[in-house]
Amino acid sequence: PSLQRLADPDWTSPIFGNVGSIVLTVGAAGGLQRLCQETGMAELLGERLLDWRMGGLFGVLIPFLIAAVIKTLQGSSLVAAIAAAGMVQPILMPLGLGGENGKALATLAVGAGAMTVAHINDEFFWLVSMSTGLRPLRGLAAFTVGTLLQGLVAVAVLLLLSMVVPS
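First, a word on what this report is: a plain description of the structure on this page. (Residues numbered from 1 in each chain as written. Predicted model: local features only at pLDDT ≥ 70, side-chain atom pairs only at ≥ 80, totals over all residues. Heavy atoms only, no water.)

Focus: the overall build of the protein
Stage number 1. Across its full length, the protein holds eight helices and zero strands.
Stage number 2. Order of helices (α) and strands (β) in the protein, N terminus to C terminus: α-α-α-α-α-α-α-α.
Stage number 3. Relative to its 167 residues, the protein shows a buried fraction of 35%.
Stage number 4. Put simply, 73% of the contacts in the protein that link residues at least 6 apart link residues at least 24 apart.
Stage number 5. By element, 69% of the accessible surface of the protein is carried by carbon and sulfur atoms, the whole surface being about 9,800 Å². (Helix = DSSP H or I, 4+ residues; strand = E, 2+ residues; numbered from the N terminus. Buried < 20%, exposed > 50% of the residue type's maximum accessible area, 1.4 Å probe, protein only. Contact = heavy atoms within 4.5 Å. Areas by Shrake-Rupley, 256 points an atom, 1.4 Å probe, with all protein chains shown as cover.)

What follows is the structure, encoded as structure tokens:
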């Protein structure tokens, strides 16, 4: 009887309609992550960034910056987080983030970077702007600057944590 429900469009349409966009976004994020890995983007990025010698205390900045740049360029926090995680994972050891605490800090840094700079490419920007009655320019001034400050505060806290918690 429960399998028959899967064939009933009255039951499945609302469910698949609600989760369809999320599944597509997660699939696109995984595809972008895989594309970055297969094209050697992660290795190239690692080689370039590791030349800066930003390990240790500032190693947590690299995952944050990668996620923040991806988020700023394409708009989706979910896609930015998944793609950045795939790009950062191969360079955790050279960044000094190979231990359990370092991986946790890197994960938090990716999350903080992925929530930074919400703007017109981001669905969340439009959701907040429209629900609060802000015009797009006012939304850019208020919400985008607010999410930028939010990300900067988060990365400052992560830098403080990285000084206290051994990586």
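Some thoughts on the packing of aromatic side chains
Stage number 1. Summed over all chains, the structure comprises three aromatic pairs.
Stage number 2. Consider the rings of F125 and W126, whose centres lie 5.1 Å apart with planes at 85°: the pair is edge-to-face.
Stage number 3. A relative accessible area of 0% places F125 in the buried class.
Stage number 4. The class of W126 is partly exposed, set by a relative accessible area of 31%.
Stage number 5. For the ring pair F125 and F143, a centre distance of 6.3 Å and an interplane angle of 45° mean the geometry is tilted. Within this pair, whereas F125 is found in helix α7 (residues 123–132), its partner F143 is found in helix α8 (residues 136–164), the two being separated by 18 residues in sequence. Exposure class is identical for F125 and F143. Each is buried.
Stage number 6. An aromatic cluster is present here, built from F124, F125, W126 and F143 joined pairwise through their rings. (Phe/Tyr/Trp six-rings, centres within 6.5 Å; stacked < 30°, edge-to-face > 60°.)

Considering the packing of helix α4 (residues 61–74) against helix α6 (residues 100–114)
Stage number 1. Two elements in contact, α4 and α6, have axes whose closest approach is 7 Å; the angle formed by their N-to-C orientations is 25°. Judged by the inter-axis angle, α4 sits roughly parallel to α6. When you trace α4 past α6, the crossing you get is right-handed. Only A106, A109, V110, A112, G113 and A114 of α6 make contact with α4, whose side of the interface consists of P63, F64, A67, A68 and K71.
Stage number 2. Taken together, the residues of the contact of α4 with α6 break down into nine nonpolar, one polar and one charged. (Axes fitted to C-alpha atoms, helices over the stretch in contact; angles between N-to-C directions. Parallel < 35°, antiparallel > 145°, perpendicular 65-115°, else oblique. Left-handed = near helix turned anticlockwise from the far one by under 90°. Nonpolar A, V, L, I, M, F, W, Y, C, P; charged D, E, K, R; others polar.)

Details of the layout of surface pockets
Stage number 1. In this model, the largest pocket occupies a volume close to 250 Å³.
Stage number 2. Lining the largest pocket are S21, I22, T25, G75, S76, S77, L78, V79, N121, D122, E123 and F124.
Stage number 3. Among the elements of the structure, α2 (9–38), α5 (77–88) and α7 are those that each provide at least two residues to the lining of the largest pocket.
Stage number 4. Residue classes in the lining of the largest pocket are distributed as four nonpolar, six polar and two charged.
Stage number 5. In this model, the second largest pocket occupies a volume close to 190 Å³.
Stage number 6. Around the second largest pocket, the lining residues are C36, M41, L45, L65, I66, V69, I70, L73, Q74 and M87.
Stage number 7. Elements supplying a minimum of two residues to the lining of the second largest pocket: α3 (41–50) and α4.
Stage number 8. Here the element with the most residues in the lining of the second largest pocket is α4; it accounts for six residues.
Stage number 9. Along the lines of polarity and charge, the residues of the lining of the second largest pocket split into nine nonpolar, one polar and no charged. (1 Å grid on protein atoms, 1.4 Å probe; cavity = no way out; pocket = protein on both sides within 12 Å on 5 of 7 lines; lining within 4 Å. Points joined across faces, edges and corners; volume = space filled by probe spheres on them.)

So, α2
Stage number 1. Considering bend angle alone, the principal kink of α2 is centred on V19 and spans about 35°.
Stage number 2. Considered for burial, the residues of α2 that qualify are T12, A29 and C36.
Stage number 3. Directly after α2, the chain includes G40, whose backbone phi takes a positive value near 85°. (Bend = angle between axes of the 7 residues up to and from the residue.)

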